[in-house]
Structures are given as structure tokens and as C-alpha cells.
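# Reading the structure
Spelled out from the first residue to the last, the chains are:
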Amino acid sequence: MFCVASTEIGAIMNITKGGLVLFSANSNSSCTELSRRIADRLGVEMGKVQVYQEPNRETRVQIQESVRGKDVFIIQTVSKDVNTTIMELLIMVYACKTSCAKSIIGVIPYFPYSKQCKMRKRGSIVSKLLASMMCKAGLTHLITMDLHQKEIQGFFNIPVDNLRASPFLLQYIQEEIPDYRNAVIVAKSPASAKRAQSFAERLRLGIAVIHGEAQDAESDLVDGRHSPPTAKSVAAIHPSLEIPMLIPKEKPPITVVGDVGGRIAIIVDDIIDDVDSFLAAAETLKERGAYKIFVMATHGLLSSDAPRLIEESAIDEVVVTNTIPHEIQKLQCPKIKTVDISMILSEAIRRIHNDWSLPFCQQ
């Protein structure tokens, strides 16, 4: 291992601090709080840039300082207007590229369109399209958090750091739920059982899985695998060839695999958006004897009437991170709590910048 002397490292660190530029690509002021937190942790000022919407709703970006030869980190927090958010990011990335930035790293805690990462009938894999657009615009590295599916990393031809929010959520459970030892980690569907198992193993708790809930949008019934023609139509073309009919799936009655009676139920997932499935899971757990119900998720989209529905539900508390701003939702529903993840994002930025800026030291 080759390392420079400590005095030389200190000198290089002073240089590299000047070679880092931090931008927020949001025109919505409510979405810049996470950027400010990251800048404070790094000890740098936010870069000077103007992002705004023209009267005809076109997005305009004006970078107001030199980025030539610098490492540019663009923090983009997804707002309710997700398509405008994407255009702001793409235009800013391209502006930095044409301004001769050394590298352009996107810090996108919640990757939009991540649920559309599978082919469904005659639809499209929008996550792949978005990844291609970001790379074409000039992105050289991506920092994100808890992708809906880890396979989304393969849609990019640039390095992707998929960070985890689970350490912060686990810490919240241990510090804010006094009797968490009497808790059980719950997966609201078999699809989220792996995540629930990870939480349960780290907390040394039991696990329960709810099976038989109402059909959701991510069912295999709509993934295109039932698209071949029926046996009757094929036989009409070639009488000797018969394709077996696909038997449709049918959900069994709701059952809870695992004991939740007299326990605290902690439902874990990566995204909480449409809360209907969470409310149904909470009702089921109450009926099975759970006396407190928490919901833990990394990304709190909380669309539409989610705050009101949560407030009126059997759920005692919803804990999400600040990958997405939801201050308005918290005012509407006191049950919603926030965990700050700016620490891990700022540390990722620091390490990436220093790794590129210290070529003589293998860390």
C-alpha cells in the first residue's frame, strides 16, 4: 500500500475541499432542506445556481459559478411534481457537462419511477429509460438509497451506490420504542418478507408474514407471462399443437403466519405511498391481538389522502426518512415521524470525492 505523508494529505484535503461543488437541483424551496443538511455536515456552502420554471412551464437552469475541472454533486429530492423534478436534474447535469465539470455525481435518495422496473403486458420498463437518460445527460456516478429492486443498478452503465437506511430505522426502534423486545417484525406481504427477515435478525426478534391480502399492482398476473395465445386459437392454426391454459391465481383468505398476540407489530417496507395495504394489514394485526402497530419505511411518498387515512387508522406511528420532504404531511398527521439520513449521504459524498482526489493513497 502506497500512502503520502500525513502533512501532504492535509494539504491535499484543503485542495480537494475547493474542488467540490454541491448543487441543489430543486426549484421547490421545500425540497432543499436535505441539501442544506448535507452541506452543513460537509462544511461547504451550497453552489450558486438558479432553477426555475418559465411561464410556459419549461425548466431553466443557470449555473452561476465555475465548475470547470471540479467534482460536482447534484442533490435532487423528488417533489410531488416528479416529472418536473426529473427535467430539473437532467438539465442541470447537462449544463455541468457542457461547462467542463470533471465529474458529475447525482445524489438522488429516492429514485423516481423505481416501481416501474418490470415489464407489464404492453407497458415499458420506465426505470431503464430514466437510467439511460441520466447517463446520456452526463451523469458519471449515482448515489441513491434503498432502490425498490436492487436489479435497477444494472440499468446504469455508470457506478451506482445503493445505500441503506435500515441502520437508522433500527436505531429508532431501539431508542424510541421502550419495550421493543416484545415486538415482532411484520411483512405485509410475502414480497417484503426478505426485508422483514433482515430487520428481525438484527434486532433478535420474531417475524410474521401476512398472506392473502388484496391483489396489488405488482402481481404476477400483469407481468406479461400470460400473453401467449390460448390453446384454442393456436389449435386453429396447427391442430396438433396445444398450449396449456394458464390457471389464474386466486388469493386465499387473509392469514397471519406467526404469533402477534399481545405483541408490538412493526411493519417494514421500502416505500409507503398508497396506504390502503398498510391500513388493511394494521386492521388484521389488531384482530390477531397486536396492541401497538408501527410502520417503518425508507421513502415516505404519502400521496393523496394518506396523512388523513393514517390519522384515522389503527396505526400508532409511521416512521420514514427524509429522502422525500413531507413537512406538510406531518402537520396533517402527528403520527408521522422522520429519521434524518443526511449523515450517510454526506459521508458517501466525502468518500467518493476523497477517493478521486487522493490518487497516491489506496484507502
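Residues numbered from 1 in each chain as written. Predicted model: local features only at pLDDT ≥ 70, side-chain atom pairs only at ≥ 80, totals over all residues. Heavy atoms only, no water.

### Section: the packing of helix α3 (residues 82-98) against helix α4 (residues 126-137)
Where α3 contacts α4, the two axes come as close as 8 Å, and the packing angle between them is 25 degrees. In terms of orientation, α3 lies roughly parallel with respect to α4. Residues Ile86, Leu89, Leu90, Val93, Tyr94 and Lys97 of α3 pack against Leu130, Met133, Met134, Lys136 and Ala137 of α4. (Axes fitted to C-alpha atoms, helices over the stretch in contact; angles between N-to-C directions. Helix = DSSP H or I, 4+ residues; strand = E, 2+ residues; numbered from the N terminus. Parallel < 35°, antiparallel > 145°, perpendicular 65-115°, else oblique. Contact = heavy atoms within 4.5 Å.)

### What about the sheet that holds strand β7 (residues 160-163)?
Sheet architecture is open: 5 strands sit in the order β1-β4-β5-β6-β7, paired in parallel fashion. The strands lining the two open edges of the sheet, one partner per strand, are β1 (20-24) and β7. Across the sheet, the mean angle separating the axes of adjacent strands is 15 degrees when strand polarity is ignored. Across 4 bridges, strand β5 (residues 103-108) lies against strand β6 (residues 141-145) in parallel orientation. Following the sheet pairing, Gly106 is matched in β6 by Leu142. (Pairing = 2+ DSSP bridges.)

### Thoughts on the nonpolar core
Core analysis: the biggest nonpolar cluster contains 43 residues, and Leu22, Ile143, Ile185, Ile266, Met296, Leu345 and Ile349 have the highest contact counts within it. Of the residues forming this core, the biggest block, 5 residues, is contributed by helix α5 (residues 166-176). Formed by 33 residues, the second largest nonpolar core is a distinct cluster that contains Val51, Val67, Met92 and Ala137. (Core = buried A, V, L, I, M, F, W, Y, C linked by side-chain atoms within 4.5 Å. Buried < 20%, exposed > 50% of the residue type's maximum accessible area, 1.4 Å probe, protein only.)

### Let's talk about the pattern of salt bridges
Applying the stated criterion to the full structure yields 12 salt bridges. When salt bridges that share partners are traced, they join Glu33, Arg36, Arg37, Arg41 and Asp340 into one network. (Salt bridge = Lys/Arg side-chain N within 4 Å of Asp/Glu carboxyl O.)

### Notes on the packing of aromatic side chains
All chains considered together, the criterion is met by 1 aromatic pair. Relative to Phe156, the ring of Phe111 lies with its centre 5.6 Å away and its plane at 70 degrees, an arrangement referred to as edge-to-face. Of this pair, Phe111 sits in the loop between β5 and α4 while Phe156 sits in the loop between β6 and β7, and the two are 45 residues apart along the sequence. What makes Phe111 buried here is its relative accessible area of 1%. According to the relative accessible area criterion, Phe156 is buried, its value standing at 9%. Above the plane of the ring of Phe278 lies Lys188, whose end atom (NZ or CZ) is 4.9 Å from the centre. (Phe/Tyr/Trp six-rings, centres within 6.5 Å; stacked < 30°, edge-to-face > 60°. Lys NZ or Arg CZ within 6 Å of the ring centre and 35° of its normal.)

### A closer look at the side chain of His148
One can find His148 in the loop between β6 and β7. What makes His148 buried here is its relative accessible area of 15%. Of the polar contacts made by the side chain of His148, one reaches the side chain of Asp270; its length is 2.7 Å. (Polar contact = N/O pair within 3.5 Å; in protein donor to acceptor, adjacent residues only side chain to side chain.)

### Some words on α3
Taking 1.5 Å as the rise per residue, α3 with 17 residues should run 24 Å; its terminal C-alpha atoms sit 25 Å apart, in good agreement. Where α3 is concerned, the buried positions are Thr84, Thr85, Ile86, Glu88, Leu89, Leu90, Met92, Val93, Ala95 and Cys96. Along its buried surface, α3 packs onto β1, β2 (49-53), β3 (59-63), β4 (71-75), β5 and α4. Positioned one or two residues after α3, Cys100 has a phi angle of 70 degrees, which is positive. (Expected span 1.5 Å × (residues − 1).)

### Here's the deal with the pairing of β2
Across a regular strand the side chains alternate sides, sitting on one face of the sheet and then on the other. In the sheet, β2 pairs with β3 via 5 bridges, with the strands oriented antiparallel. Looking at β3, one finds that Gln53 is bridged to Thr59. Remark: 5 residues form the turn of the hairpin made by β2 and β3, two consecutive strands paired antiparallel; Arg57 in that turn has positive phi of roughly 75 degrees.

### Some details on the pairing of β1
Within β1, 5 of the 5 residues are buried, which leaves the element mostly enclosed by the surrounding structure. With 5 bridges joining them, β1 and β4 adopt parallel strand pairing. By the bridge assignment, Phe23 is partnered in β4 with Ile74.

### Here we look at the sheet that holds strand β9 (residues 206-211)
Taken together, the 7 strands give an open sheet; going across it, the order is β10-β9-β8-β11-β12-β13-β14, and neighbouring strands pair in mixed fashion. Both edges of this open sheet fall to β10 (255-257) and β14 (336-339), since each of them pairs with a single strand only. Each adjacent strand pair in this sheet contributes to an overall mean axis angle of 25 degrees, direction not counted. The pairing of β9 with β10 spans 3 bridges and is classified as antiparallel. Bridging from a neighbouring strand, Val209 pairs with Val257 of β10.

### So, the packing of α5 against helix α6 (residues 193-203)
Running from amino to carboxyl end, α5 crosses α6 at an angle of 50 degrees, the nearest separation of the two axes being 11 Å. The orientation of α5 relative to α6 falls into the category oblique. Judged by the sense of rotation from one axis to the other, the crossing of α5 with α6 is right-handed. Along the contact surface, α5 presents Ser166, Leu169, Leu170, Ile173 and Gln174, while α6 presents Phe199, Arg202 and Leu203. Partitioning the contact of α5 with α6 into residue classes produces 5 nonpolar, 2 polar and 1 charged. (Left-handed = near helix turned anticlockwise from the far one by under 90°. Nonpolar A, V, L, I, M, F, W, Y, C, P; charged D, E, K, R; others polar.)

By themselves, these observations are geometric and do not establish any function.
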